[in-house]
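# Understanding the architecture of this molecule
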Amino acid sequence: MARLADYFVLVGYDHDKRGSGDGQGRIIQRFPEKEWEDNPFPQGIQLFCQPSGWHLVLERKSPNFFVAVLTDINSERHYCACFTFWEAVESLQPPKNHTNDIDDEEDSKFVQAPQLFAPKSLVLVSQLDHTEVFRNCLGLIYTIYIDGLNFPLETVIGNLLTCIIPITGGSQTDDESEEAGRTISLGAGDRQVIQTPVNDALPVSGCSVALLLKQLGISNVLELFCAALTEHKILFLSSSYQRLTEACRALLALMFPLKYSFTYIPILPAQLLEVLSSPTPFIIGIHSSFRAEMQDLLDVIVADLDGGTVVIPECIHISVLPEPHLLQTQTALSMVLDPELEYADHAFPPSSTSASSMKFQDKEIRAVFLRLFAQLLQGYRWCLQIIRIHPEPVIRFHKVAFLAQRGLVDDDFLTKVLEGMAFARFVSERGSPYRPCDLFDELVANEIERIRLEEGNAQKVLKHVKEISEQLHRNENPYPAVAMHKIHKPKEGSHLRVQQSTFPHLDEGTVQWIIDQATAKLKNAPPAVKAEMKCVAPMGPPSATMIDQNGIVLANSARRLEVVRNCITYIFENKMLEAKKLLPAMLRALKGRAARQCLTQELNSHVLQNRAVLDHQQFDYIVRMMNSALQDCTPLDEHLVAAALLPLVTAFCRKLGSGVTQFAYSCVQEHLVWTSLQFWEAMFYSDVQNHIRALYLEVDVDHPSETGCDNEKQQRSALEVAAEQLRMWPTRSKEKQQELIDKEESIVYSQAIHYGNRLTYLLLPLDTSKNRLLRSTAVGDLESVSNSFVTNSIAGSVAESYDTESGFEDAETSDVANSVVRFINRFVDKVCTESGVSNDHLKALHTNLPDIVQMHIETLDAVHRESKRHPAIQKPKLLRPALLVGEELVMEALRVTLMPDGREESVGGSLGGPPIMPAEGAIFLTTYRIIFKGAPVETLAGEQTVMRSFPVASFTKEKKISQQDFQDVLQLRSSTFQLMKITFDDEVASEMVEIFRKHIHKLRYPQYVHYTFAFTVGQSPKQVVESKQKEKNPSLRTMSKNIMKNAKKTIGRQYVTRKKYTPPTWDQRASPAHGDNLEQISVSEEIEQSALTLSSTIKSDKSTMSHMVERACCRDYQRLGLGTLSNSLTRSKNEPFRITTVNRMYSVCRSYPSLLIIPQTIQDSTMQRISRCYKQNRFPVVCWRNSRTKAVLLRSAGLHGKSVVGLFKSQNAPAADSSQTDSTSLAQEKYLQAVINSMPHYADTGGRNTLSGFTSAHMNSSGKWGSIRGSGRLSAYSLNSDIGLRLAGKETLSQQVNGGLSDSLYFRQPRAGLYIIGEKSQLKGAKQDPSQQWEVVPIEIFDVRHVKTSFKKLMKACVPSSASTDPNQSYHRSLEESDWLSQLHKLLQVSVLVVELLDNGSSVLISLEDGWDVTTQVVSLVQLLSDQHYRTLEGFRLLVEKEWLSFGHRFSHRGAQTMTSQSSGFTPVFLQFLDCVHQIHLQFPMEFEFSLHYLKFLAYHYVSNRFRTFLLDSDHERIELGLMYEEKGEKKTPHAYKSVWDYIDRLNKKTPIFFNYLYAPEDGEVLRPYSNISNLKVWDYYTHETLSEGPPYDWELVYGRTEQMDDGERADTVAPRTRRKIVWPCYDNKNKIEPDAISKLLEEMQLLESELGQVPDKWKETWDKIKTTQRTESKQEGKHLSSSSLLMSSSLSHHRRSQCVYLHEAAVGSTLNLSLDTDSSTASTPSSGVMGRKSTSTLYSQFQTSESEHRSYEGILYKRGALLKAWKSRWFVLDKTKHQLRYYDSKSDTDMKGIVDLTEVESVTLGTAALGAPKNIEDKAFFDLKTTKRVYNFCAQDSQSAQQWIDKIQSCLSDA
């Protein structure tokens, strides 16, 4: 029972304080005046009576009513019902100062002041919320006053204050006493029935919830609901105070069963608005007139009830309900609020579908939210942990377990709700197992299954909602059939009466007397004790274990669990080999939750069987499994796995020595879960709960109940046991109660000691000698399993977190032991305080903890000592890499793990195959390479060998990666597009890592170029890396002086010295006479004691020039007809150009070659002057001449600033003076004019010919575009009239899409004689003189800085260091951002247009930058496109030697080869050129003699420093070091090649690795490739790698060893043996495993010849003969061409683009029957009959039958079979050349049946007739041939024939 109202207060306007600004209210009277003891009077009530402030008004307002809510200091809510009316103010004196609502100011002439009205409030203060009853009671008091009813107000108020009503409703019967208790009368002829709720736990909402939904809508209300649950600030706005109260009440009702625990003020007075700036969450309502005050609130959600809007600030993120609950709730609400929606589209909607009344709708909405909470919190009782039962229950909620069971670990909303104060209160109120239950308990326990089954069925959901709503409605309205209320109401308009008396002053005594009388009566009455309906709270169904959210049902598959069980069984049965095979699959399976659970169960079963002591291998495997299970968890799932493993890590152990045991916990310390206080608390409480449950189960066993169902008791949960104990608690004796309390406390205390030990085990590191804590030892993300037993301790991060929280910032001053003690103390304090442990016990714990830790440290010291002595688990054996001859190790192997990088090929995944990375092995540093060799960690791939290497000279960048689970992590990047991420093993000391890094840098950037591998090969590596050996390496100056002493001898030698040799055979077992006799190009390294300068050397040797003529570039100049240089230095005057020796001492230009081509008419003396106009003195020289148009290509550097002006000065302008500048400009003009005059077409023309003034002329040119046109050749090609615009990159409309030139435009005007292509920035402001015959074309071109930047980005795109999850950093996006393809496009575009100019008769001078980068690229590409000679192996070599080496491309500088160029960085200008060649090769695969592998080989070795070819920056520097000319008779180093070209020559003779089988050039073909980016491809050199053998560019390492091995194997058997092999992406060398058809056939031919003891032909000779044969055949066969002969013939003129099959780069098949696209005449080639058979027959047989000189004698013989001894007729051929006897089925047959090798013949004798011999043959016709292997029986047609055969064979034998 409770008082209906505690206080009645009369509050009025305070007239005494009218002059002080805003008015104030004051309490006029209060009843009772004395405060109730149980309920003190709330302060500040006058503020809430007029929330907008106390104001006087001019008009009398209608009375209003609202309920404000006040919360006292004890969080008790007081409901203040305010009834306000207005009274006239007695104006004795006009007020001077007041604020009111007067709109118009009264004039001062009026003497009478206006009539004012002041508010007065009747206030009821109650702890009960009965709004309507309060409204009626206060209305009655007002009616008695206003209408002057004859009832004393004192009596009415006294009765109101003494009215006692029940708090909750009783039964539903019409019990008079019950009804009397609920029926009240205030003694004024009134009667009211109060509907007290049946269960006061359920909130009473009236119609407020329905009203809120109506005002704001479903979506807005759901947002507010989520915001309130996740503790955001919510503010309601309305112009109605009662609406504010209703909205706040509605929101709280929706939150049931959770209760709001923060600030709750439905109506906030104006004077308290600063409360809105509170940092804590709140639900507040304010009048909408204060909207302007809200502008500064940035973190408050504002709901406008009148406008129906909810405004959420941008800075606030509201977590929403998880799906499917959100959608289900929205659907259910729309069904309740708008039932017609379902039938809106029906043709015949049902007649009665109107919505329920507001009262019923209100309950239906609440029912929807109750269902929602039942779904969200289902199974929550299974996650309650009861820690104490007596004297008071202590209950805790296991949040992690709950979220994990529900599969909502990552759900933001539920996580925040569970962490909120509302849920904490929910647990404390509803956690108790024995308490009163309500509707929610019933729902969550019994209706969950129904809710789950009904989802999706709208009718069933609605039915359930209505059932729940009926219960809610009955709870609020337990007595529907009550008597009619009788309430007096004032007459209409009574408040507007003019003559109204003021509210009378009440007699306090009368009221107090009534109160006292009632109080006395209550004291005498017996207490109305209502029995609390306590019961055992139902548990409900447990949550079904959910699968992972990503839906991987496989994780639960029985197969994976079987793998886990089998692996563990093998380990414990000591079947280690089997366990090792299963281990990788098991570790993969542990990524699934079910497998982790299975692991813990299986391990636990073995512990229970006393099998916890393991041997070392078992221990290692078990620890790896535990680490894997812990590392693969999600953060919340980790708690569950760690909880299951915690008892196991303290059980499994291994014996290290006498009395020394190592437990598993010392090896699993590196997981962050062990530092989580939350985890340890959950574990502690879980164990305490189990012990408490066990305690009471034992107590019950001692006192068996009547039922005696022991099994049921054993299965009862801890909460059910606790409920039983709480029920029995009052019946137990005091002694028994105290005994149980003591037992519970001792359980908690003992568990605290136990957990103190457990924390010590898992927080103290094994190596406690490292006492100082380093902040860097905090454990980060643990991505891998540690196999080491000496793991990083977590104590560092423990101490750090503890110190930071406790205010001890300086963690370095603390040691491990102290930090662990502090952490454990904090844990013990928390759990013991919550569990109610006495202070004495707590002190004892704190005293014992340091001793426990210290004892454990002493134990760990012994374990650590023994574990270090004990041999570690055997690590994989280190594999030694094969080294080149002369390559030597600089450092011994360092054991490392090669980690996966961003390339996904090596980690399995989408491409299939087991992951090859990470791989365990070692890193080796040699004088030439950095090599990793090892095996994959993945056991399924463990039989493979992983090789990754790159030359030290290509090393570009190292980077330390901060991964705290490894000691040292290095990332090494190379310009050969290789990346190594290596993590060093524990056994590798950090000092060794530093030495390794220093050695790399020392080898990468040697002090001088002659310290590079190309020079030091074969020497001791100590000279390279030891700084003490400096006296062996003289300085560069000394070196150059000494080499100059040798210059006389050096320069006089021929450039290349070769000896005749026979290439090695494919079979290494061939006779020594045919071995490898190749002698390498040698360089004189002997330093003589004479000192001669370069100039004196050249001048003193008359024979120098004759040797210079032999230089490669000179031979090329002679081939091009650009001039000859005889020994007598006499010139041929007929030639327009000549070779000049003006630069032979490199005095004019140090970076040019010594011999240059200039016009015949230009004197040597003027060259010095001309050279000054150009950067680096690189003046224009001719480098190529078009044989048809005689146009020449010139190259130079860009002009100096002053020279630009001179170039454009008219040659006819009069000279002002004969200054140096003018004479230079004149010489320059004369030079350019001489170039123009050298062309026959321009020699006689004197007029001005510009590119912009062509006449209409049809110029024919021969050439080829990078396209295939089936209708014939394009006869003419056009050039856009504005070349400058084209070259500047501004595309015009007439250009083709594919990058070619438009077909519709032709040359329309005469061209300029010479086009000078220069940089736009250099030529800015210069004006062309119209009388000059040359035209300058300014273009915008990238510089080397752009190339450098672009290359870095390209490397990161092609070889990313880590896999990127950012979609903006995808491979194609990164490739685009690198701009590499854009630069290739630019180069190709410029080159094609220059080719076009040259092909149409204009000469071109390329004059860009310093003349050694872009100029070289463009000039080389132009020559390659225009001249087919440069597309051969020999020609391409010549092109590179001439344009790149001789003309001084700065290879050393751009490649940063030495320490001096280190700062300039790596700029791959030459690589860019090779990529352009690759692009052209792809478009014209039949035009190049060399393969794409050749280009990759050069790309690799131009940075590898294996050869001396690409060292130094110019010929001048090479002469200084003596590299230009070779010494004869020099001592050679075997296999150490100094020139890459010699190496390629040797290799090309040995194997067709560099040859392009599709090579079938057309004479005079000019190539015009497409240059648009869409036509360009990313070179696979950048992306491809072979992990099985490393880079394939050191032939000896990849092919040399395997060939020997394969040959050895093949020697065992003649029959070919097929071997099945799995080819893995990125691992195997596909070209090697499955070579192309032609290479395979050539190889098989050589093998067959070797097996037959013949000397194999060189592959090139064989190939040339086959091509000759094919041509012969095709001529004989006429039009019936076979497809293979098509390949060999060079008559394919049209279809020559990339539709052709790539033979060398990709495997094609096993025969030569290759399908090539041909024109209509060859499309219908017959594929059957003799033609087909011939063309597809064995190449060797074709060749043999067509070559008659190899047939010394032939005829028919009978031969006796070796096996069945049958005689058969065969056609025998005796071949003296090849020293063999071959036999065929018939004379015309080309397929050989067998061979008898004559080298094996021992004797030839007459034989005898044997069984089955041919009849009618004389005996002397038989003869026998005896070999080392068997005896052959032959039979000739007669004796004479037999004798001839014997004589021929014997003569062959004697010749041999």
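Everything numeric in this text was worked out from a predicted model, so none of it was measured.

## As for the overall build of the protein chain
The helix and strand inventory of the protein chain stands at 61 helices and 44 strands. Residue pairs in contact within the protein chain that sit at least 24 positions apart in sequence constitute 73% of those at least 6 positions apart.

## Focus on the packing of aromatic side chains
Counting across every chain of the model gives 71 aromatic pairs. Relative to Y685, the ring of F684 lies with its centre 5.6 Å away and its plane at 70°, an arrangement referred to as edge-to-face. Overall, Y685 belongs to the buried group, its relative accessible area being 0%. Ring plane angle 50° and centroid distance 5.4 Å describe the contact between F1351 and F1466, whose orientation is recorded as tilted. Taken as a pair, F1351 in helix α42 (residues 1344-1358) and F1466 in the loop between α47 (1451-1454) and α48 (1469-1483) lie far apart in primary sequence, 115 residues in all. Both residues of the pair, F1351 and F1466, count as buried.

## As for the environment of P1561
Relative to the helices and strands, P1561 resides in the loop between α51 (1540-1550) and β37 (1567-1568). Residues P1561 and M1486, 75 residues apart in the sequence, show an inter-C-alpha distance of 6.4 Å.

## Remarks on the pairing of strand β15 (residues 384-388)
Along β15, five of the five residues are buried, which leaves the element largely enclosed by surrounding structure. With four bridges joining them, β15 and strand β16 (residues 394-397) adopt antiparallel strand pairing. In the sheet register, I386 faces β16, and the bridge partner there is I395. Hairpin connection from β15 to β16: five residues lie between these consecutive antiparallel strands.

## A few points about the sheet that holds strand β41 (residues 1792-1797)
In spatial order, the strands read β41-β40-β39-β38-β44-β43-β42; together these seven strands make up an open sheet with antiparallel pairing. In this open sheet, the two strands that pair with only one neighbour each are β41 and β42 (1801-1806). With direction set aside, neighbouring strand axes in the sheet form an average angle of 35°. The pairing of strand β38 (residues 1753-1760) with strand β39 (residues 1767-1775) spans eight bridges and is antiparallel. Its bridge partner lying in β39, Y1753 is registered against L1774.

## Some remarks on the sheet that holds strand β19 (residues 613-614)
Strands sit in the order β19-β20-β21 across an open sheet of three strands; the sheet is mixed. One side of each edge strand has no neighbouring strand; the edge strands of this open sheet are β19 and β21 (660-663). By the bridge criterion, four bridges tie strand β20 (residues 653-657) to β21 in an arrangement that is antiparallel. The residue bridging K655 from the neighbouring strand is T661, located in β21. Of the strands in this sheet, β19, β20 and β21 touch helix α20 (residues 616-631), which is tilted by about 140° from β20.

## Observations concerning the side chain of S1350
With respect to the helices and strands, the residue S1350 is situated in helix α42. Judged by relative accessible area, which is 2%, S1350 ranks as buried. Residue contacts for S1350: discarding those within four places in its chain leaves S1378, D1379, W1380 and Q1383.

## What to know about the environment of L1405
Along the chain, L1405 falls in strand β36 (residues 1403-1407). A relative accessible area of 2% places L1405 in the buried class. For the pair L1405 and P1180, spaced 225 residues apart in sequence, the C-alpha separation works out to 7.3 Å. Excluding anything up to four places from it in sequence, L1405 contacts P1180, L1194, R1195, S1196, L1232, L1314, Y1315, I1316 and I1317.

## Overview of helix α46 (residues 1433-1446)
An ideal rise of 1.5 Å per residue puts 20 Å on 14 residues; α46 measures up with 18 Å between its terminal C-alpha atoms. Of all 14 residues in α46, 13 are buried; the element is thus mostly enclosed.

## Looking at the pattern of salt bridges
Across all of its chains, the model carries 66 salt bridges by this definition. When the shortest N-O distance is used, the salt bridge between K233 and D299 registers 2.9 Å. Taken together, the residues span a long stretch of sequence, with K233 in strand β10 (residues 233-238) and D299 in the loop between β12 (282-287) and β13 (300-304) at a distance of 66 residues. One salt-bridge network, in which partners are shared between bridges, spans D1116, R1119, R1195, D1427, K1442 and E1443.

## Observations concerning the environment of D767
As for its placement among the helices and strands, D767 is situated in the loop between α25 (734-763) and α26 (795-806). Of the residues examined, D767 reaches a relative accessible area of 14% and is grouped as buried. Note: C-alpha distance between D767 and S666 (101 residues apart in sequence) is 9.7 Å.

Calculation notes
Residues numbered from 1 in each chain as written. Predicted model: local features only at pLDDT ≥ 70, side-chain atom pairs only at ≥ 80, totals over all residues. Heavy atoms only, no water. Helix = DSSP H or I, 4+ residues; strand = E, 2+ residues; numbered from the N terminus. Contact = heavy atoms within 4.5 Å. Phe/Tyr/Trp six-rings, centres within 6.5 Å; stacked < 30°, edge-to-face > 60°. Buried < 20%, exposed > 50% of the residue type's maximum accessible area, 1.4 Å probe, protein only. Pairing = 2+ DSSP bridges. Axes fitted to C-alpha atoms, helices over the stretch in contact; angles between N-to-C directions. Expected span 1.5 Å × (residues − 1). Salt bridge = Lys/Arg side-chain N within 4 Å of Asp/Glu carboxyl O.

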